[in-house]
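What the coordinates show
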Amino acid sequence: MTVEEVLNDLKKKIKAQLPKDITISDVDFEGPELVIYTEEPRKFADDGDLIKGLAKELRKRLVVRPDPKVLAQPEEAITAIAKIVSAESGISNHFFDVDTGEVVIEAEKPGLVIGRHGETLREITKEIGWTPKVVRTPPMKSTTVNNIRQFMRANKEERKSLLKTIGRKIHRGVSSKDKWVRLTTLGACREVGRSCFLLSTPETRILIDCGVNVGGDDNGSPYLYVPEVHPISQIDAVVLTHAHLDHIGLVPLLYKYGFEGPVYCTPPTRDLMALLQLDYIDVAAREGKKSPYESVMIREVLKHTITLNYGDVTDIGPDMKLTFHNAGHILGSSVAHFHVGDGLYNIAFTGDFKYEKTRLFDPAINDFPRVETIVMEATYGGSRDMQPSRKDAERHLQEIAKETLENGGNLLIPTFAVGRSQEVMIVLEEAIRKGIIPEVPVYLDGMIYEATAIHTTHPEYLNNELRNQIFHKGMNPFLAKCFVQVDSKEKRQKILDDREPCIVLATSGMMNGGPVMEYLKAFGPEEKNKLVFVGYQAEGTLGRRIQKGWKEIPMHAAGGRTETVKINMNIDTVDGFSGHSDRMQLMEYIRKMRPRPEHVLTQHGDEKNCMDLASSIYRKFKVETRAPMNLETIRLA
């Protein structure tokens, strides 16, 4: 059956199910969704069971959208909304999504836009045609999010065409009688970095992550040249677990070499991915290195990105469904669960995950309807890789800060812009507010401020306590007066020249570039200063070398010269802030997993840790385990 025949059949079934007074103007596949266009969206909205019944009957993810004919022009819609909604609501922005027929209304008081029992929303829909969705105005404005929304709006026609093409490919008929599932390891096996896997069936090929090795130039890319991957144009989709560069750093390269399919991730992952990829090529340019792609390829990724919320079950191929679940690692990080065939096989990829509640997130999900194989990280999978509790880690950091500042020194904390920075910010703000450490400026250099703004744009991905603190108690730790954004070279130079006691959070977290190097050069020679690591330092990075005790560091200087910086400052490491699970949490994740998987594959750790974790899981739980090497192809079913 061709896609057109499938669509015609679906149209007949839909019309047969609808009441006579409801008409549809079009039915089409757009990405993973079957979209019903109607000039009477209110009639669908008034009967919530209608869509549920259709979706159950057709076994498709259904979306009802207003026919573009009934949509007011955005400028007219904004004027109409202003007349309907009280000015006290504090509407700050409108974002029109032509893909969905939704208008996202940002307001300081969302309740006044919604109205009693949603009556104001219904009045808005009746007046402008668009389906209103109300969100609270983010307390920090994100340039990245605004730019992405403007870019998507400017490219709405091209994106709609892409979604239709993708939809037809997803919903094509199953052509092969063979039934098998294979996994090919392309990176991150018995190593940390360049995460990449290929999940294959006779019908579908899905790439899970496509990262770069941030630890060095050697073996920097996944094995994308092997026969299993080629031709790249025939890969059906890319699924991203989260936005760190070792998982998303080379996604734009795929479009450079012929890939034209969709990228699936959560909304925060999309926004953070764009931020980090742009920074990646900027850092390469500043260091005189050749970037593997240009910014135009990042824009291509955005055009092809389809965002999914946690829990959404979505067709991504004729024989494959995808569901994202919270991984607790960074904002929007996901455990990706794949349901293959009509009950043939289920496999989950944890990505990086944290099986513990943190200041930002709830613990990673390990409860699935069904799973035969789980591919899990082993970053801290060694038998001795135990981290202190988060409370002990916070206390340790506060003690270090107090001692350093009272001695007149500066505290330098290399941090990843996403995740660790926000965790540390919350702890430092609380310590200053309670008088545990002196009231000094906490400078945020690099992408930390912008990454924090993206966190406040997606509050539904934060844990309940933090959301409640920000939106209901009026206490936003990220807006504390102690935090000072360093957004220019002049500001940075003034900090370096003044040498007043302060705390500096700067990227990059592994000290392989970024503004942290300027502070290291200035603070490094003085014994009263202190450098504190709060995140994982991969082999080959400058951070790991300093941890090991290097006292002289070669650094780039003006004119292409190399100068040696002496490291006399004190070095400390505060374990416990990591977004990765330690050995105990990794074992607990499997112990409490429901249902218990039949197979466990360990990756994203050095060889010793991957093998140690795999053998321990086997001994403890009698589950078949394996620590595969890169370039293996494993038949799962």
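Just above, that's the structure.
Residues numbered from 1 in each chain as written. Predicted model: local features only at pLDDT ≥ 70, side-chain atom pairs only at ≥ 80, totals over all residues. Heavy atoms only, no water.

On to the overall build of the protein chain. When you go through the protein chain residue by residue, the secondary structure sums to 21 helices and 28 strands. For the protein chain, the C-alpha radius of gyration of 26 Å lies close to 26 Å, the compact-globule estimate for 637 residues. Expressed along its principal axes, the backbone C-alpha trace of the protein chain runs to roughly 80 × 60 × 50 Å. The proportion of buried residues among the 637 residues of the protein chain is 58%. Relative to all contacts within the protein chain whose residues are 6 or more apart in sequence, the contacts with residues 24 or more apart total 72%. Carbon and sulfur atoms provide 48% of the accessible area of the protein chain, an area that totals close to 27,000 Å². Counting 85 positive and 89 negative side-chain charges, the protein chain places the centres of these two groups 2 Å from one another. (Helix = DSSP H or I, 4+ residues; strand = E, 2+ residues; numbered from the N terminus. Rg over C-alpha atoms; globule rule 2.2 N^0.38 Å. Buried < 20%, exposed > 50% of the residue type's maximum accessible area, 1.4 Å probe, protein only. Contact = heavy atoms within 4.5 Å. Areas by Shrake-Rupley, 256 points an atom, 1.4 Å probe, with all protein chains shown as cover. Lys, Arg positive; Asp, Glu negative; His and termini not counted. Charge placed at Lys NZ, Arg CZ, Asp CG, Glu CD.)

Relative to the helices and strands, Ser-291 resides in the loop between α11 (267–286) and α12 (295–304). Looking at Ser-291, its side chain comes within polar contact range of the main-chain oxygen of Tyr-293, at 2.8 Å. Excluding its chain neighbours within four sequence positions, the residues that come into contact with Ser-291 are Ile-281 and Ala-284. (Polar contact = N/O pair within 3.5 Å; in protein donor to acceptor, adjacent residues only side chain to side chain.)

Let's shift gears to the side chain of Asn-609. Structurally, the position occupied by Asn-609 is in helix α21 (residues 607–621). Looking at Asn-609, its side chain comes within polar contact range of the main-chain nitrogen of Gly-382, at 3.4 Å. Dropping the residues within four chain positions of it, Asn-609 is found in contact with Ala-378, Thr-379, Tyr-380, Gly-381, Gly-382 and Asp-385.

Residue position: Leu-240 is located in the loop between β10 (237–239) and α9 (245–248). Through-space distance from the C-alpha of Leu-240 to that of Gly-129 is 34 Å; in sequence the pair is 111 residues apart. Aside from chain neighbours lying at most four places away, what touches Leu-240 is Asp-209, Cys-210, His-247, Ile-248, Val-251, Val-263, Tyr-264, Cys-265, Thr-269, Met-273 and Phe-324.

Take the sheet that holds strand β20 (residues 483–486) next. Taking strand neighbours across the sheet as the criterion, the 6 strands line up as β20-β19-β21-β18-β22-β25 in an open arrangement whose pairing is parallel. Each edge of the open sheet is held by one strand with a lone partner, namely β20 and β25 (570–573). Ignoring strand direction, the axes of neighbouring strands in this sheet form an average angle of 20 degrees. By the bridge criterion, 4 bridges tie strand β22 (residues 530–533) to β25 in an arrangement that is parallel. Its bridge partner being in β25, Val-532 is matched across the sheet by Asp-572. The strands touched by helix α17 (residues 489–498) within the sheet are β19 (442–445) and β20, with β20 carrying the most contacts at an inclination of about 120 degrees. (Pairing = 2+ DSSP bridges. Axes fitted to C-alpha atoms, helices over the stretch in contact; angles between N-to-C directions.)

By the burial criterion, the buried members of helix α6 (residues 119–128) are Thr-120, Leu-121, Ile-124, Thr-125 and Ile-128. In a view along the axis of α6, the buried residues occupy a sector of 140 degrees, so they form one face of it. Structural note: α6 exposes Lys-126 and Glu-127 on the side pointing more than 90 degrees away from its buried face. With its phi angle positive at about 85 degrees, Gly-129 sits one or two positions after the end of α6. (Arc of directions from axis to C-beta.)

Moving on to unusual backbone geometry. Omega for the bond connecting His-230 with Pro-231 falls within 30 degrees of zero, at -5 degrees, which places this linkage in the cis form. Position of Pro-231 relative to the elements: it lies in the loop between β9 (205–208) and β10. The omega torsion of the bond from Thr-507 to Ser-508 falls at 10 degrees, within 30 degrees of zero and hence cis. Within the secondary structure, Ser-508 is located in the loop between β21 (503–506) and α18 (516–523). The backbone of Ala-188 shows a phi angle near 75 degrees, a positive value even though the residue is not glycine. As for its position among the elements, Ala-188 is in the loop between β7 (182–187) and β8 (196–200). Look at Ala-188 and you get buried, because its relative accessible area is 0%. We note that Met-511 has phi near 60 degrees; this positive angle belongs to a residue other than glycine.

So, on to the packing of aromatic side chains. Given two aromatic rings, one states the distance between the centres and the angle between the planes to describe the pair. Applying the stated rule across the entire model yields 11 aromatic pairs. Ring geometry for Phe-197 against Phe-349: centres 5.8 Å apart, planes inclined by 50 degrees, an arrangement best described as tilted. Placement of the pair is Phe-197 in strand β8 and Phe-349 in strand β16 (residues 345–349), with a sequence separation of 152 residues. Both residues of the pair, Phe-197 and Phe-349, count as buried. Between the aromatic rings of Tyr-355 and Tyr-589, the centroid separation amounts to 5.3 Å while the plane-to-plane angle is 90 degrees, which identifies the pairing as edge-to-face. One end of the pair, Tyr-355, is in the loop between β16 and β17 (373–377); the other, Tyr-589, is in helix α20 (residues 583–591), and 234 residues separate them in sequence. Each member of the pair, Tyr-355 together with Tyr-589, is buried. Cluster of aromatic residues (ring-pair linked, three or more members): Phe-197, Phe-338 and Phe-349. Over the aromatic face of Phe-95 sits the side chain of Arg-149, whose NZ or CZ is 3.9 Å from the ring centroid. (Phe/Tyr/Trp six-rings, centres within 6.5 Å; stacked < 30°, edge-to-face > 60°. Lys NZ or Arg CZ within 6 Å of the ring centre and 35° of its normal.)

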